[in-house]
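Coordinate inspection notes
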Amino acid sequence: MSNTDNSNSKTTGDLGRLRLPRLYRRLGFVLWGLGLAIVLATIPLSGITHATDESPMTPVAVFEHTEATQLLAAGHSLYDAGRYAEAIHVWQTAADRSAQGGDRTQQIMALNYLSSAHQALNQWSQAEQTTTQSLELLAQFPQTPALQAQALNTYANLQLHLGQAETALRIWEQAEDYYAQAEDAIGVLGSQINQSEALQSLGFYRRARERLESANQQLAMLPDSPVKVVGLRSLGKALQLIGDPRDSYNQMAEALAIAQRINATTELSATYFSIGKLATEVESADIALAYFVEAEEAALTPQDQLQAQLEQFSLYVKSQQQTLATGLSLRLFEQLQNQPASRTAIYSIVNFAHNLIQLSASPITHSELNQLLAQAVQFARDLQDPRAEAHALRQMGQLYIEAQQWSDAFDLTQKSLQVARSTQAADVISQSAWQLGRLLKQQKQTEAAADIYREAVDALQSLRGDLVAINQDFQFSYREQVEPVYRELVALLLDLKTPTALKQTLDVLEALQVAELDNFFREACLDLQANQIDQIDPTATVIYSIILPDRLATIYAKANEQLDVSEIPIEASTVQAFLHELLALLHPSADKPQRLQASQQLYDWLIRPAETKNLLTLDQPLVFVLDGLLRNIPMAALYDGQQYLIEKYPVALSPGLKLIQARSLDQENIHALVGGISEQRGQFTALPAVATEVKAITELVSSSQLLNDEFTREALSESVQTGDVDVVHLATHGQFSSDFSQTFLLTWDGVVNIRELSEMLQQRENGRNQAIELLTLSACETATGDERATLGLAGLAVRSGARATIATLWPIKDDVAAHLMTSFYRELRRPHTSKAEALRQAQLELLRKTDFEDPFFWSTYVLIGNWV
């Protein structure tokens, strides 16, 4: 739970939102972007020129200049120690003294530093005020290009935090020009990496990658140096967030190789640390641990050594290596007791305590750990850092929960929430409210608990995509600190058993779907609509299912009718085991009676309760909003004892009504782009029937086609963005995985990942005000056994702006795919036929053929999104 650099806030000290290495901390630079750090490196505090030559300094001004320079340096020391409130006081004094002495350069620098420190404390209005003042001074008293770039860099970071990514991008482009004028190649590089972050925020991933590739080319031309190590490491972190862990790993490995080759001892520890953090995500705990051990051995300061040890401790705890964790915890406890006050010290203590209480047998007593946390609380108060104080108080509350001292736990958690509210720290509010809600639930105060849980969920929703990068001093884990909040609130609302609570349950389920997709894409990338069922299709029944620890709950929603709920008392582990078994039984080689029995069991859980109450109408759509492994089960293949579900109802999947656009396809004016690859490409086998499929579809609907060597990334992008098409049909290899970097489709000249495809379709919508109505991926598959793989399908369905997506849950023979898809488009041309009904009829046609009656052949196709 510790992090690379605990002296930084979310926006300051990063590349946009990417973490900067410790080099700049050691050299005494304010951290808020690579370019700015280099500006500070090339303009020594002791040798800054005046604002103008026409107004030389008076003797008083010279004195003020010297004093302001010393104050700036003193502020750096305080900032580096995490003592932001004190740094603000010192830098404000420096700004005032510089203003009195007429030294505009010093004043502007001080104001930029002030903005950095305010951002570190999440004081955004103050940060905006000081940045605005700096820019106004620049307009009145023009400065060197380097200082202009510094001010713009600060301003761009602020704009990005405030959600103005377009403005931030434009400002960083201006900063790049100033760096170029200053002949600062590293500053240009930093600006390009920052621009890539803004482009990511706007959803322009291909353009972001282009900026990163340009930055990489510039780095390659630089001679080996510590600065090059820093640039490569930062670039690696940028690639990690853009969803390319392999390239990220390569960049960091190159940074490490250079650091070792030139013996850049100041960079070795930070580089090992960065690779270790990446390995924690994409490799294994053992590999990550080895890097953290190297980081500890290469550390030049006790603080860096401590951070590496904290990461090792976290891995020992997670892997339940009790002996190693116990031994290291004693050493860490002694070091943490002797730290001076700083934000780094506070979060080190909080993270240590968080991990320690998860040990089955802790060598540190409750009293000793409580004293350490009390020290962290006092540090936070001394430093005037309410966010850190709220975290420390909440962790103290957790300690008392473990000791079952409920009254003290309640008081401490309540104090934590009050402090978090006072500073409007949504990330801390979410966790403190969740903890308080759990305590209220434990006391059987269900209504009060539900109210507090709602506050936690509201806070999480206000953060959305920020959860990936927010407050890296205390990292968020979606699985541990986000998803459970939603699920536990659903359980509480269901227990209340009131119509109002049931309606609120639907809202929370919708919000959970959005949170999962945000987490999948690592950003808040989905536009929400306030849709009701009757706005989309008043005949449809929407079926929400969620797997809770003690039950399988299903809610049935239909326009103008009361909500209804079914709850099956069954443990989540039992449901999960059953679903895995059912997935295995769907293979045609499996025992048919067993498969039918299992399919009927799930039918009895999800569908039978609604049919018993006459909530469903034959031939009217069923739209499923599913949870967990249920998403991997083809609902069309559920069996009632005599018929499959698809024989009774059209079926569609939805990531939630808030993510569906209420519009239907115009069958009379379909214009399609049909592309695919029938030949073998590298490790991907040939799909000979794709050629037949492409030809058949182009004969059924007005189309343009891209087959084999015509189906390149560039041709696909150009055809989608410039062609008059509303249907895109792609018959090619592809995979959907819980790792979006492994979610892609194959083109003739490589692969296009989900983000790049989404951007192609988004740019079309933005540029032509016309979304793709239907995206069909007829040869793709979801990663086998991957519980979250279908998030890739759902994410693509909504992230791209396509109103509906058809794809496969597993691969089937390409001749079967060609037959089904040809039937689908033929049915889709019929007047008043919905997409769901067209797919249903195509599936039924296969089902009625003796060779393909097994659900394996026809149920793999799923429709996600708008079904009408």
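Preceding block: the structure.
Notes on the structure follow.

Calculation criteria
Residues numbered from 1 in each chain as written. Predicted model: local features only at pLDDT ≥ 70, side-chain atom pairs only at ≥ 80, totals over all residues. Heavy atoms only, no water. Phe/Tyr/Trp six-rings, centres within 6.5 Å; stacked < 30°, edge-to-face > 60°. Helix = DSSP H or I, 4+ residues; strand = E, 2+ residues; numbered from the N terminus. Buried < 20%, exposed > 50% of the residue type's maximum accessible area, 1.4 Å probe, protein only. Lys NZ or Arg CZ within 6 Å of the ring centre and 35° of its normal. Axes fitted to C-alpha atoms, helices over the stretch in contact; angles between N-to-C directions. Parallel < 35°, antiparallel > 145°, perpendicular 65-115°, else oblique. Left-handed = near helix turned anticlockwise from the far one by under 90°. Contact = heavy atoms within 4.5 Å. Nonpolar A, V, L, I, M, F, W, Y, C, P; charged D, E, K, R; others polar. Expected span 1.5 Å × (residues − 1). Polar contact = N/O pair within 3.5 Å; in protein donor to acceptor, adjacent residues only side chain to side chain. Pairing = 2+ DSSP bridges. Arc of directions from axis to C-beta. Core = buried A, V, L, I, M, F, W, Y, C linked by side-chain atoms within 4.5 Å.

1. Quick word on the packing of aromatic side chains
The tally for this structure, following the rule as stated, stands at 13 aromatic pairs. Summarising the aromatic geometry, the rings of phenylalanine 273 and phenylalanine 292 are spaced 5.4 Å apart at their centres and angled 65° between planes, so their arrangement reads as edge-to-face. One end of the pair, phenylalanine 273, is in helix α13 (residues 265-282); the other, phenylalanine 292, is in helix α14 (residues 285-298), with 19 residues separating them in the sequence. Here the two residues phenylalanine 273 and phenylalanine 292 agree in accessibility, since each one is buried. Measuring from centroid to centroid gives 5.5 Å for phenylalanine 856 and phenylalanine 857, while their planes differ by 85°, and the two rings are edge-to-face. Ring pairs connect the aromatic residues Tyr79, Tyr84, Trp91 and Tyr113, which therefore count as one cluster. Sitting over the face of the ring of tryptophan 748, arginine 681 holds its NZ or CZ atom 3.8 Å from the ring centroid.

2. Points about the packing of helix α15 (residues 302-318) against helix α17 (residues 343-356)
Contact geometry of α15 with α17 gives a least axis separation of 10 Å together with a crossing angle of 20°. As judged from the angle between their axes, α15 and α17 are roughly parallel. For the pair α15 and α17, the sense of crossing is left-handed. In contact with Gln303, Leu306, Gln307, Leu310, Phe313, Ser314 and Val317 of α15, α17 contributes Thr344, Ser348, Phe352, Asn355 and Leu356. A class-by-class count of the residues in the contact of α15 with α17 yields six nonpolar, six polar and no charged.

3. Some details on helix α9 (residues 185-201)
For α9, spanning 17 residues, the distance from its first C-alpha to its last is 25 Å, which sits close to the expected 24 Å at 1.5 Å a residue. Most of α9 is tucked away, with 15 of its 17 residues classed as buried. The N-cap residue of α9 is aspartate 184: its side-chain oxygen and the backbone nitrogen of isoleucine 186 are 3.2 Å apart.

4. Remarks on unusual backbone geometry
Phi is mostly negative for residues that are not glycine, and the peptide bonds are mostly trans. Positive phi, close to 55°, is recorded for lysine 497, a residue that is not glycine. Within the fold, lysine 497 resides in the loop between α23 (478-496) and α24 (499-521). The class of lysine 497 is exposed, set by a relative accessible area of 62%.

5. Details of the pairing of strand β13 (residues 750-753)
Bridge count for strand β12 (residues 744-747) against β13 is four bridges, and the pairing is antiparallel. Each residue of the ladder has a partner; that of leucine 745, found in β13, is valine 752. Joining the antiparallel neighbours β12 and β13 is a turn of two residues.

6. Here's the deal with helix α29 (residues 689-700)
The terminal C-alpha atoms of α29 lie 17 Å apart, and with 12 residues this matches the ideal 16 Å at 1.5 Å per residue to within 8%. Three or more residues of α29 are buried, namely Ala689, Val690, Glu693, Val694, Ala696 and Ile697. Burial along α29 is one-sided: seen end-on, the buried residues are contained in an arc of 170°. Opposite the buried face of α29, at more than 90 degrees from it, the exposed residues are Thr692 and Glu699. Buried residues along α29 sit against β8 (671-676), β9 (702-707), β10 (727-731) and α33 (814-828).

7. Details of the pairing of strand β5 (residues 564-568)
A one-sided burial pattern is seen for β5, the buried positions being Asp564, Ser566 and Ile568 and the unburied ones Val565 and Glu567. In this structure, strand β4 (residues 551-558) lies alongside β5, joined through five bridges in antiparallel fashion. Paired with isoleucine 555 across the bridge in β5 is valine 565. In this antiparallel pair of consecutive strands, β4 and β5, the connection spans five residues, and asparagine 560 shows a positive phi of 65°.

8. A look at the nonpolar core
With 237 residues, the main nonpolar core has Leu602 and Met635 as its most contacted residues. In this structure leucine 602 touches Phe578, Leu579, Leu582, Ile607, Leu630, Ile633, Met635 and Leu638, once residues within four positions along its chain are discounted. In this structure, Leu78, Tyr79, Val90 and Tyr113 belong to the second largest nonpolar core, which totals 25 residues.

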